[in-house]
Amino acid sequence: MGAHAKNPGKLYVVATPIGNLQDMSPRAVEVLSSVPVIAAEDTRHSKKLLAHFGVGTRLVALHDHNERSMAGTLVQRLGQGEDVALISDAGTPLISDPGYVLVRMARAAGIDVLSVPGPSALTAALSVAGLPTDRFRFEGFLPPKQAARRQRLAELASETVTLVFYESSHRIVDSLADMAGCFGASREAVVARELTKVFETVRAGTLGDLCRETGEDNRQQKGEFVVMVRGAAMDETAPDEQVRRTLAVLLEELPLKQAAALAAKITGVAKNRLYEYGLKIRGT
Ligand code: SAM
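Note that the structure is a prediction, hence the values are computed from the model and not measured.

What about the overall build of the protein chain?
Here is step 1 of the chain: Counting its regular elements, the protein chain contains eleven helices and ten strands.
Here is step 2 of the chain: Overall, the protein chain is about 70 × 50 × 30 Å in size when its C-alpha atoms are taken along their principal axes.
Here is step 3 of the chain: Of all 284 residues assigned to the protein chain, the portion counted as buried reaches 40%.
Here is step 4 of the chain: At a minimum sequence separation of 6, the contacts of the protein chain that also span at least 24 residues come to 69%.
Here is step 5 of the chain: Surface exposure of the protein chain reaches about 15300 Å², of which carbon and sulfur atoms provide 50%.
Here is step 6 of the chain: Both charge centroids of the protein chain, one from 34 positive and one from 33 negative side chains, sit 4 Å from each other.

Details of the sheet that holds strand 5 (residues 112-116)
Here is step 1 of the chain: Strand order in the open sheet formed by five strands is 3-2-4-1-5, with parallel pairing between adjacent strands. Here the strands that pair on one side only, and so sit at the sheet edges, are strand 3 (58-61) and strand 5. Each strand axis lies, on average, 25 degrees off the axis of its neighbour in the sheet, ignoring direction.
Here is step 2 of the chain: Of the strand pairs in this sheet, strand 2 (residues 37-40) and strand 3 are connected by four bridges, and their pairing is parallel. In the sheet register, Ile 38 faces strand 3, and the bridge partner there is Leu 59.
Here is step 3 of the chain: Its contacts with the sheet place helix 4 (residues 100-108) against strand 1 (10-14), strand 4 (84-87) and strand 5, and it is angled at close to 150 degrees to strand 1.

Some words on the side chain of Arg 149
Here is step 1 of the chain: The topology assignment puts Arg 149 in helix 6 (residues 146-156).
Here is step 2 of the chain: Judged by its relative accessible area of 2%, Arg 149 is buried.
Here is step 3 of the chain: A polar contact is formed between the side chain of Arg 149 and the backbone oxygen of Pro 144, at a distance of 3.1 Å.
Here is step 4 of the chain: If sequence neighbours within four positions are ignored, Arg 149 has contacts with Leu 142, Pro 143, Pro 144, Arg 171, Asp 174, Ser 175 and Asp 178.

A short note on the side chain of Glu 67
Here is step 1 of the chain: For Glu 67, the position within the fold is in helix 3 (residues 67-79).
Here is step 2 of the chain: No salt bridge is formed by the buried Glu 67; its nearest oppositely charged neighbour, Arg 68, is found at 7.9 Å.
Here is step 3 of the chain: If we ignore the near neighbours within four places in the chain, the residues touching Glu 67 are Leu 62, Pro 98, Gly 99, Tyr 100, Val 101 and Leu 102.

Quick word on helix 5 (residues 121-129)
Here is step 1 of the chain: Within helix 5, burial applies to Leu 122, Ala 125, Leu 126 and Ala 129. Looking straight down helix 5, one finds its buried side chains confined to an arc of 95 degrees; they lie on one side.
Here is step 2 of the chain: As for helix 5, its buried residues are in contact with strand 6 (136-141), strand 7 (162-168), strand 8 (188-193) and strand 10 (224-229).
Here is step 3 of the chain: Backbone geometry just downstream of helix 5 places Gly 130 in the positive-phi region, at approximately 75 degrees.

Some thoughts on the domain arrangement of the protein chain
Here is step 1 of the chain: Domain annotation for the protein chain reports domain 1 (7-119), domain 2 (122-235) and domain 3 (238-282).
Here is step 2 of the chain: Summarising the inter-unit geometry, the C-alpha centres of domain 2 and domain 3 are found 30 Å apart.

A look at the site of the ligand
Here is step 1 of the chain: Taken together, 19 residues form the shell around the ligand, and within it Ile 95, Asp 97, Ser 120, Ala 121 and Phe 225 come nearest.
Here is step 2 of the chain: One nitrogen or oxygen atom from the main chain of Ile 18 is found 3.0 Å from a nitrogen atom belonging to the ligand.
Here is step 3 of the chain: The backbone of Leu 195 places a nitrogen or oxygen atom 2.9 Å from a nitrogen atom of the ligand.
Here is step 4 of the chain: Notes on the ligand: free accessible area 570 Å², of which the protein chains cover 91%.
Here is step 5 of the chain: Within the residue set of the shell around the ligand, elements represented by two or more residues are strand 7 and strand 10.

Examining the sheet that holds strand 7
Here is step 1 of the chain: A sheet is described by the order of its strands in space; here five strands give the open sequence 6-7-10-8-9, paired in mixed fashion. The open sheet has two free edges, formed respectively by strand 6 and strand 9 (201-206), since each of these has just one partner strand. Taking the axes of each pair of neighbouring strands and ignoring which way they run, one obtains an average angle of 20 degrees across the sheet.
Here is step 2 of the chain: Sheet topology note: the strand 7/strand 10 ladder contains six bridges and is antiparallel. In the strand pairing of strand 10, Glu 167 is matched with Phe 225.

So, how was this worked out
- Residues numbered from 1 in each chain as written.
- Predicted model: local features only at pLDDT ≥ 70, side-chain atom pairs only at ≥ 80, totals over all residues.
- Heavy atoms only, no water.
- Helix = DSSP H or I, 4+ residues; strand = E, 2+ residues; numbered from the N terminus.
- Buried < 20%, exposed > 50% of the residue type's maximum accessible area, 1.4 Å probe, protein only.
- Contact = heavy atoms within 4.5 Å.
- Areas by Shrake-Rupley, 256 points an atom, 1.4 Å probe, with all protein chains shown as cover.
- Lys, Arg positive; Asp, Glu negative; His and termini not counted.
- Charge placed at Lys NZ, Arg CZ, Asp CG, Glu CD.
- Pairing = 2+ DSSP bridges.
- Axes fitted to C-alpha atoms, helices over the stretch in contact; angles between N-to-C directions.
- Polar contact = N/O pair within 3.5 Å; in protein donor to acceptor, adjacent residues only side chain to side chain.
- Salt bridge = Lys/Arg side-chain N within 4 Å of Asp/Glu carboxyl O.
- Arc of directions from axis to C-beta.
- Domains from an automatic or database assignment.
- Near = heavy atom within 4 Å.

Right, dumping it as structure tokens:
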């Protein structure tokens, strides 16, 4: 390479379909056709997708096991003026998919990182669930081992915003059972399966019912899943008696924010939870 500094290339982060090929955007095809190289999670898988759209661009593999070294190589090429596109097997890169290291390195090197947005199972599922979406908490995949999974769920039990999980066919029944155990069988939930595909189903009900129905029907255990759980109702988040008394005493002397912060220090209960609870008792 010559000594002249060229304008750096751009990194395009490109979403691809989560099942239905017609969801590929014209801009995604245009960008993927025009860049000299595409970084893909699984090159064999992506080659087929790209062939469908007549895109013959060279692919390099960027996955969890080589991301650091490959990201270094790609950022070097970007620095030399070459554009690069990043895709994952399906949906939006970085959403429970590789790409974080590359995007971070590119940004740190002053490279423009541009989004070519499109499908993601996360937003597709939320958009049809009929659960509150003004705030939600995306938890990605739960830990595969049961003890760790239950521990994570226990930590989430008093979260009041909608919870969103990705799940695979191997663990859907076990995860629903653990959710029913940790959040209560009567908590409302929605299971979105095979979105945009032939066997798409979106089922709403209580965690107890969804767990039983999914367990009894093998067909409902196949494919890819997004599980969404309604946040805890305020009374489920009420802290125990002693914590409540501490907060109440502090609230007599202090504004809510300070009272919640101090009560959190004294009791070890999360500040947000105390703040939410304080709002509730102050409002009554
Ligand atoms: N980056 C992707 C995205 O934007 O949705 C997600 C990748 S993650 C490795 C794969 C998980 O996403 C699956 O196990 C499933 O939980 C969810 N998923 C992907 N496609 C889906 C679909 N068509 N229907 C339901 N869930 C899907």
